[in-house]
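# Architecture and fold: a report
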Amino acid sequence: PSETRRRAQIRIEQVRSVYLHSPTTTAGSLVAGAALVAVMWNHVAHAALMAWMAALLMHQGLRVYHYRSYIRAREEQQQSDGWGKLYFLAAVTAGLIWGTAGVLMYVPDSLAHQAMLVLVLFGIATVSVASLSAFAPAFYALALLTLVPIIVRMLFDPGPARVYLAIPGVIVFVVWLWITNIAV
């Protein structure tokens, strides 16, 4: 029983850690999303970019609401398993939104735009190592769903330049998974 209680307390602290990072990750996500849309504006359909940005804004708005609700909750309420499940679902949603950018904003004839897209997506995943690795399910969901679509897209695009952009991404991704597996 004491081992079970200790594990439960560790999980509560892991979830608390990711919630406390929420203001920073929300701001960073919105800035990165706006920058990406601005860079892609003349190369991707405006309706697609606006729909993607609207999804990101709605998601981040919901995350702010969840954060504020978590902060306002009494300590015993914060210990509910529901907060971890809610955060995991938010990470899955964020990963789907960012992963969609890897497909939706891929500009086939512009290596510069592809490089920008790769940098932003790997930036999102890199920041999540620091902010989400305490709660491994959220980290893995966000990182996998964000990076797999762009890596696969780049690996199957003709020309060595795309593969050159994808291979370091695969290597970094494997290292992240290895490091976070050791840390968790």
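Please refer to the structure placed before this passage.
A brief report on the enclosed structure follows. (Residues numbered from 1 in each chain as written. Predicted model: local features only at pLDDT ≥ 70, side-chain atom pairs only at ≥ 80, totals over all residues. Heavy atoms only, no water.)

The grouping of L144, V148, V152, L155, F156, I167, V170, I171, V174, V175, W178 and I179 at the surface amounts to a nonpolar patch, some 1100 Å² of accessible area in total. Put simply, the parts of the chain that give the nonpolar patch at least two residues each are α7 (136-155) and α8 (160-183). If you tally residues by element for the nonpolar patch, the top one is α8, at 7 residues. Take L155: its relative accessible area is 34%, and that puts it in the partly exposed class. (Patch = residues over 30% accessible without salt bridge, like charges linked within 9 Å, V, L, I, M, F, W, Y side chains within 5 Å. Areas by Shrake-Rupley, 256 points an atom, 1.4 Å probe, with all protein chains shown as cover. Salt bridge = Lys/Arg side-chain N within 4 Å of Asp/Glu carboxyl O. Helix = DSSP H or I, 4+ residues; strand = E, 2+ residues; numbered from the N terminus. Buried < 20%, exposed > 50% of the residue type's maximum accessible area, 1.4 Å probe, protein only.)

It is worth spelling out the nonpolar core at this point. Judged by nonpolar contacts, the single largest core of 44 residues is most densely connected at W52, W98 and M105. For this core, the secondary-structure elements that each account for two or more residues are α1 (2-20), α2 (22-40), α3 (46-72), α5 (81-104), α6 (111-132), α7 and α8. In this structure, W52 is in contact with G33, V37, I97, W98, T100, A101, L104 and M105, ignoring residues within four places of it in sequence. (Core = buried A, V, L, I, M, F, W, Y, C linked by side-chain atoms within 4.5 Å. Contact = heavy atoms within 4.5 Å.)

On to the packing of α1 against α3. Two quantities define a packed helix pair, namely the angle between the helix axes and the distance between the axes. Two elements in contact, α1 and α3, have axes separated by 10 Å at closest approach and are oriented at 125°. Judged by the inter-axis angle, α1 sits oblique to α3. Between α1 and α3 lies a crossing of left-handed hand. Counted together, R16, Y19 and L20 of α1 and H66, Y67, Y70 and I71 of α3 form the full contact between these two elements. (Axes fitted to C-alpha atoms, helices over the stretch in contact; angles between N-to-C directions. Parallel < 35°, antiparallel > 145°, perpendicular 65-115°, else oblique. Left-handed = near helix turned anticlockwise from the far one by under 90°.)

Bringing the packing of aromatic side chains into the picture now. Under the definition given, this model contains 6 aromatic pairs. Taking the centre distance of 5.6 Å and the plane angle of 90° together, the rings of Y19 and W83 count as edge-to-face. Of this pair, Y19 sits in helix α1 while W83 is found in helix α5, placing the two residues 64 residues apart along the sequence. Judged by centre distance (5.2 Å) and plane angle (85°), the rings of Y70 and W83 are edge-to-face. Highlighted residues: Y70 in helix α3 and W83 in helix α5, separated in sequence by 13 residues. Residue Y70 shares its accessibility class with W83, and that shared class is buried. Cluster of aromatic residues (ring-pair linked, three or more members): Y19, Y70, W83 and Y87. (Phe/Tyr/Trp six-rings, centres within 6.5 Å; stacked < 30°, edge-to-face > 60°.)

Everything listed is a geometric property; what it means functionally is a separate question.
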